Amino acid sequence: MCGIVGGVGPSIQAAEVFDGLKRLEYRGYDSAGMALVGAEGVEVIRAATGRHSLDELKGRLSRLAPGANLVVGHTRWATHGAPTLGNAHPHTDCTGRVVLVHNGIVDNFRELRGEVLALGHELKSETDSEVIAHLIEDGLAAGMEPAEAVASVFSRLLGHMALVVAFAQLPLTIFGIRRTSPLLVAAGDGRSFFASDAPAVLDVATSFYEMPEDRVIAIGEPAKGAAGTSVLVPLAIDWASQDVELVGYQSFYEMELAQEGEAFSDTVSSLIDEDGGAVVDELKVDPYELKRLRKVTVVGCGTSYHAGLVGRFLIEHFAKIPVEVDVASEYRYRDPILDDDHLVVGVSQSGESLDTITAVKGAAAAGAKTLAVTNVIGSQLSRLADAVLYTRAGPEVSVASTKTHVSQVGALALFAIYLGELKGHMYPEEAREARSSLRDVASAIEAALARQAGYEESLAPFVGSDRFFFIGRNLQYPVALEGALKLKELSYLAAEAYPAGELKHGPIAMLDSEAVVVALVPRDRLREKVLANIEEVRARGARVIVVAFDGDPEAATLAETALFVPEVRPIWSPLVTVIPLQVMAGAIARSRGLNLDRPRNLAKTVTVE
Ligand code: F6R
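A quick note: this is a predicted structure, and the numbers were derived from the prediction, not measured.

Enquirer: Sorry if this is basic, but what is going on with the packing of aromatic side chains here?
Expert: The final tally for this structure, using the stated rule, is 3 aromatic pairs. Ring geometry for F318 versus W572: centroids 5.8 Å apart, planes at 25°, classification stacked. One end of the pair, F318, is in helix 9 (residues 302-319); the other, W572, is in the loop between strand 24 (561-565) and helix 19 (574-591), with 254 residues separating them in the sequence. A relative accessible area of 9% places F318 in the buried class. The ring of Y492 is capped by R600, whose NZ or CZ atom sits 3.9 Å from the centre of that ring.

Below is the structure:
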């Protein structure tokens with residue numbers, strides 16, 4: 001999704017804003033641009049060469065005069081209008097003295113576009129964003145102050161978005177405003193910044209602030225009619241600039257995969273106190289409210305949804321509360337029956353996925369309690385929920401999630417144990433023991449990761465295949481879904497996931513000797529059933545890979561290849577069986593010469609519907 005960086009203050013360098021955009025690359029983009037604003041006017045450079053756009057901009061940075069005081073930058077993920085040079089941001093008004101960058105969608109864009117065209121404005125792009133610049137121009141022409149014009153136009157825009165605007169007439173001030181879409185303020189060394197995400201400004205800022213919604217904030221020199229930074233709430237960002245540097249690996253995907261044990265361990269340790277008891281990071285409701293819960297719904301998208309599916313088993317197992325899990329984009333348009341003994345859990349790495357935020361917001365409005373499981377302190381999901389569990393995975397740059405997935409499962413497991421204890425289904429000693437055994441899974445994750453080269457060697461005969469099926473039952477079905485998603489995302493191959501028992505109800509018709517079936521068969525109560533399902537697959541001539549616990553030769557005899565993982569308690573098995581599948585997706589994508597960090601068409605943080 002679009003990324004925004006804007007900086008103002010003594011000697012802001014275009015290169016600093018450019019570096020910020022580079023650090024937002026993971027959000028996904030197809031064109032980019034920057035503007036330098038001075039009293040004499042606005043200079044804009046843009047590039048629309050897909051994922052090479054930033055490289056192209058870099059070559060032209062010197063065209064922006066050094067020693068400026070105000071620079072705004074943008075990476076665009078096309079929504080309205082193709083990813084062309086003309087549609088790339090920043091956009092300007094007819095005078096060329098109002099410049100803006102925008103993230104999100106203006107829902108009433110057609111009507112507003114018609115209006116500005118009727119008023120005689122000349123539109124240079126097909127975007128919804130440019131229309132905003134012309135409406136602001138009209139506000140100025142009607143005698144409004146810049147901040148007033150921004151506020152007045154913003155109040156007419158329907159939808160979720162973030163906007164950063166600068167004016168040649170005020171070259172020491174930038175204005176920002178947002179509704180649902182992410183935008184934060186950061187400051188350091190006497191300079192101030194707007195950014196879509198903290199990693200963009202980690203090396204230039206030392207303090208970070210939340211932005212309120214629907215309110216114009218001015219950074220830099222104070223401006224008439226706008227709120228200054230004094231009204232902002234500080235954010236405790238504990239990430240460091242080096243956390244987003246690629247060191248020692250070819251890709252962030254591989255680096256973050258290798259960090260998985262540490263991410264899981266840091267998450268779980270932070271949610272267990274010194275006495276082995278539970279920690280809830282932010283609990284804005286009385287624990288009594290959680291004790292009386294009678295139903296839990298977990299919502300999320302993609303990989304986070306899959307963590308939620310694992311969470312269902314864990315919560316039902318430990319807390320004995322019925323759980324349903326839904327894809328956030330579906331849930332938000334249902335008419336769920338909710339009341340105050342119902343908890344809706346939003347799982348989101350970024351805490352900014354619009355679908356998840358709106359699903360949780362809707363549940364809160366209907367009277368449910370809400371919990372956020374997120375990796376980003378101060379993200380919108382964390383702010384709106386009644387309680388928060390943070391995953392401590394550090395920044396995740398690769399579009400495809402790895403380390404945050406196991407961290408989410410770890411956090412949900414601890415929440416399940418917490419609820420189990422709170423509701424009296426577990427004695428404190430039992431809960432402590434369960435937490436301690438979960439903490440020990442970190443070493444099994446590390447041990448599985450240490451086998452990466454072995455997994456890749458075993459998978460070599462399969463890298464040319466183009467049809468994969470992932471099967472598992474019970475706790476392993478979400479793992480199968482995650483394995484298929486990783487492979488689809490990174491390799492663009494057809495990969496399907498099914499509950500192993502469901503195959504014979506239809507999908508088995510697709511199997512032949514070209515198909516590869518990856519069967520998840522850890523030693524659990526359904527192992528024999530899955531072994532029988534593997535026999536069904538073999539009988540149709542498909543090639544089989546099994547993921548099994550160490551010391552399970554029987555599973556291995558049924559497969560062309562076995563990927564063994566260290567044995568853990570069956571209830572924790574999704575935390576280790578997912579690892580060979582993450583390795584597999586990376587290995588196949590690499591063998592196909594694909595970019596592991598920025599798969600085509602994808603954005604890391606999906607802030608549009
Ligand atoms: C998969 C992936 C996406 C995200 C999804 C939700 O590897 O990265 O499917 O999991 O877009 O994002 P968050 O967790 O930020 O809400």
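After that view, the rundown keeps rolling.
Enquirer: Looking at this structure, how should I read the domain arrangement of the chain?
Expert: With domains assigned, the chain is organised as domain 1 (3-244), domain 2 (252-449) and domain 3 (452-591). In this structure, domain 1 and domain 2 have C-alpha centres spaced 33 Å apart. Approximately 1,400 Å² of surface area, both sides summed, lies buried where domain 1 meets domain 2, with 62% of it carried by carbon and sulfur atoms. By the criterion of area lost to domain 2, the three top residues of domain 1 are Y26, T180 and W239, representing 37% of everything that side buries. Where domain 1 packs against domain 2, one counts 2 salt bridges. For E210, the salt bridge is made with R383, and the minimal N-O distance between the two is 3.4 Å. Of the residues that constitute the side of domain 1 that touches domain 2, the class distribution is 8 nonpolar, 3 polar and 5 charged.

Enquirer: Is there a simple way to explain the environment of R179 in this structure?
Expert: One can find R179 in strand 8 (residues 173-179). Given a relative accessible area of 15%, R179 falls into the buried group. Sequence separation between R179 and F154 is 25 residues, and the spatial gap between their C-alpha atoms is 9.3 Å. Once residues lying within four places of it in the same chain are set aside, the contact partners of R179 are F154, L157, L158, G159, H160, M161, E213 and D214. Only 2.8 Å separates the side chain of R179 from the side chain of D214, close enough to count as a polar contact.

Enquirer: Explanation requested: the site of the ligand in the structure shown.
Expert: Residues in contact with the ligand amount to 14 residues; listed here are only the nearest, S304, S348, Q349, S350 and S353. Between the ligand and the protein, one listed contact pairs an oxygen atom with a side-chain N or O atom of S304 at 2.5 Å. Within the side chain of S348, a nitrogen or oxygen atom sits 2.6 Å from an oxygen atom of the ligand. A total of 410 Å² of accessible area belongs to the ligand in isolation, and the protein chains cover 92% of it. Those elements giving two or more residues to the shell around the ligand turn out to be helix 9 and helix 16 (476-491). Residue composition of the shell around the ligand, grouped by class: 4 nonpolar, 8 polar and 2 charged. Split by domain, the residues of the shell around the ligand number at least three in each of domain 2 (252-449) and domain 3 (452-591).

Enquirer: I'm lost on the packing of helix 7 (residues 260-270) against helix 14 (residues 428-449) in this one. Help?
Expert: Between helix 7 and helix 14, the shortest axis-to-axis distance is 8 Å and the interhelical angle comes to 175°. Classed by the angle they form, the pair helix 7 and helix 14 counts as roughly antiparallel. Residue-level inspection shows E260, G261, E262, F264, S265, V268 and S269 of helix 7 in contact with helix 14, the latter providing L438, R439, V441, A442, I445, E446 and L449.

Enquirer: In this structure, what is going on with the pattern of salt bridges? I would like to understand it.
Expert: It is possible for side chains of opposite charge to pair when their charged atoms get near one another. Taken as a whole, this structure holds 38 salt bridges when the rule is applied. Its salt-bridge partner being E489, residue K486 comes within 3.8 Å of it at the nearest N-O pair. Taken together, the positions of K486 and E489, both in helix 16 and 3 residues apart, correspond to about one turn of that helix. For the pair shown, K486 and E489 are each scored as buried. What you see here is one network of salt bridges that share partners, running through K22, E25, D55 and R598.

Parameters and conventions
- Residues numbered from 1 in each chain as written.
- Predicted model: local features only at pLDDT ≥ 70, side-chain atom pairs only at ≥ 80, totals over all residues.
- Heavy atoms only, no water.
- Phe/Tyr/Trp six-rings, centres within 6.5 Å; stacked < 30°, edge-to-face > 60°.
- Helix = DSSP H or I, 4+ residues; strand = E, 2+ residues; numbered from the N terminus.
- Buried < 20%, exposed > 50% of the residue type's maximum accessible area, 1.4 Å probe, protein only.
- Lys NZ or Arg CZ within 6 Å of the ring centre and 35° of its normal.
- Domains from an automatic or database assignment.
- Buried area = accessible area lost by both parts, 1.4 Å probe.
- Salt bridge = Lys/Arg side-chain N within 4 Å of Asp/Glu carboxyl O.
- Nonpolar A, V, L, I, M, F, W, Y, C, P; charged D, E, K, R; others polar.
- Contact = heavy atoms within 4.5 Å.
- Polar contact = N/O pair within 3.5 Å; in protein donor to acceptor, adjacent residues only side chain to side chain.
- Near = heavy atom within 4 Å.
- Areas by Shrake-Rupley, 256 points an atom, 1.4 Å probe, with all protein chains shown as cover.
- Axes fitted to C-alpha atoms, helices over the stretch in contact; angles between N-to-C directions.
- Parallel < 35°, antiparallel > 145°, perpendicular 65-115°, else oblique.

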